[in-house]
Amino acid sequence: MSNVKVAIWGFGAMGQGMARMLLTKQGIEITGVCCRNASRQDKTVTEVLGGSGRQCDARITSDVDQAIPAKSCDIVLLCTDSFTAKAFPKIEALANKGVNVITIAEEMSFPTAQEPALAAKIDEVAKKNGISVLGTGINPGLVMDLLAVVLSAAMTDVTKVMCKRVNSLSPFGPTVMEEQGVGASVAEFDKGVAEGTLAGHVGFAESIGMIAHGLGLELDEFKQQMKPIVTNIDRKSPYGFAAAGHLAGVNMTGQGLKNGEVVIDMYHPQQIEPEMEGTHTGDYIELTGNPPISMAITPEIDGGQGTIAMGVNCIPHVINADPGLITMLDIPVPRAFMGDFSKLIKPGKKLV
């Protein structure tokens, strides 16, 4: 069987990380990379990554049609946006090229939560072109949604879901730093919240929507809140800097309610270099019901490596899926795979 052919659109921290992971795997190859960063133009993947993994001579270009011609690959890893509305034109263009798509845009993990019309359009164009589209990542995509749903399989009754993720933003790139207000003053934070220009964590509506859909919980209302995490010392990460007295990140909380009662509860403080001021990271899930289930993972599942791995590890499942817009609830259990990726492709799914 031929190798699974993968292209990457967006070659920042996440795109490069996925390329490094792909170059360690069997039965899979990189065919093209689209990136707007001028410093990477016309270089090979190997030249940019510094010789990590096996050799890859695919050249990086800002021209998506050159990087990803129609039907030139089996799937594209889209690593460019957080919001469904911004990702939509790229997803539509890729669907019309006849290639499957995995995007790490947070809202795409369950886009019907906030963008039902665009979700319907994506589903339509995907089915028209016989391809599948999945949004995934570490969060949303696994820790604060899918993992809770999977744990509930051991329960006869679920009355409440609580998910908490205390994590480090340090592995992520400039886009995430901007969304989380890293480096902003408290006054800038207050202005951003008032004007709706500061995103904070993107994905609570999607995670709560995924859990509710997975468990058959009908909710009446969704709420979320955001507060600043102000550092007392200078903190620096690879892509962010927060001077003392400025934001190292934000503390996000969110709720899904039924009849005025909180049914799904979310807590998500995230910041760069949290250990510098004594914050210990971790992932926690508490399911109330019969029997109650409590899970704790400390320290946190690494956000950068986790997002990279989720994108790559879901490749065979998306290629094998029926055409259309799918979520993590629609594919087999995601998992690390140490063998030949091409052997996971179903016989009826022909690779390019």
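Now for a description of the structure that goes with this document. Keep in mind that what you see is a predicted model, and the values were worked out from it rather than measured.

Rules behind the numbers
- Residues numbered from 1 in each chain as written.
- Predicted model: local features only at pLDDT ≥ 70, side-chain atom pairs only at ≥ 80, totals over all residues.
- Heavy atoms only, no water.
- Helix = DSSP H or I, 4+ residues; strand = E, 2+ residues; numbered from the N terminus.
- Contact = heavy atoms within 4.5 Å.
- Pairing = 2+ DSSP bridges.
- Axes fitted to C-alpha atoms, helices over the stretch in contact; angles between N-to-C directions.
- Parallel < 35°, antiparallel > 145°, perpendicular 65-115°, else oblique.
- Left-handed = near helix turned anticlockwise from the far one by under 90°.
- Nonpolar A, V, L, I, M, F, W, Y, C, P; charged D, E, K, R; others polar.
- Buried < 20%, exposed > 50% of the residue type's maximum accessible area, 1.4 Å probe, protein only.
- Lys, Arg positive; Asp, Glu negative; His and termini not counted.
- Salt bridge = Lys/Arg side-chain N within 4 Å of Asp/Glu carboxyl O.
- Polar contact = N/O pair within 3.5 Å; in protein donor to acceptor, adjacent residues only side chain to side chain.

**Some details on the side chain of serine 237**
In step 1: Along the chain, serine 237 turns up in the loop between strand S9 (235-236) and strand S10 (241-242).
In step 2: Look past the residues within four positions of serine 237 in its chain and what remains in contact with it is Ser170, Met177, Ile272 and Glu273.

**A look at the pairing of strand S14 (residues 293-297)**
In step 1: When strand S13 (residues 282-290) meets S14, the two strands line up antiparallel, connected through five bridges. The partner of leucine 287 across the bridge, within S14, is isoleucine 293.
In step 2: If you look at the hairpin formed by S13 and S14, you'll find two residues sitting between the two strands.

**Structural notes on the sheet that holds strand S5 (residues 100-103)**
In step 1: Pairing within the open sheet is parallel, and its seven strands lie in the order S3-S2-S1-S4-S5-S6-S15. Edge positions in the sheet fall to strand S3 (60-61) and strand S15 (324-326), since each has one partner strand and no second.
In step 2: Here two bridges tie strand S2 (residues 28-34) to S3, and the two strands are oriented parallel to one another. Along S3, the bridge assignment pairs valine 33 with isoleucine 60.
In step 3: Along the sheet, helix H4 (residues 84-96) makes contact with strand S1 (4-9), strand S4 (75-78), S5 and strand S6 (132-135), crossing S4 at roughly 170°.

**Some details on the packing of helix H1 (residues 13-22) against helix H10 (residues 303-313)**
In step 1: Viewed as axis vectors pointing N to C, H1 and H10 meet at an angle of 60°, and their least axial separation amounts to 9 Å. Relative to H10, the element H1 is oriented oblique. Crossing geometry of H1 relative to H10 is assigned as right-handed. Across from Ala13, Met14, Gly17, Met18, Met21 and Leu22 in H1, the residues of H10 making contact are Gly304, Thr307, Ile308, Ala309, Gly311, Val312 and Asn313.
In step 2: The residue inventory of the contact of H1 with H10, partitioned by class, reads eight nonpolar, five polar and no charged.

**Some points on the side chain of arginine 40**
In step 1: Within the secondary structure, arginine 40 sits in the loop between S2 and helix H2 (45-49).
In step 2: No salt bridge is formed by the buried arginine 40; its nearest oppositely charged neighbour, glutamate 47, is found at 12 Å.
In step 3: Among the polar contacts listed, one links the side chain of arginine 40 to the backbone oxygen of phenylalanine 11, at a separation of 3.0 Å.
In step 4: Those residues in contact with arginine 40, other than ones at most four positions away along the chain, are Phe11, Gly12, Gln16, Cys35, Val48 and Ile60.

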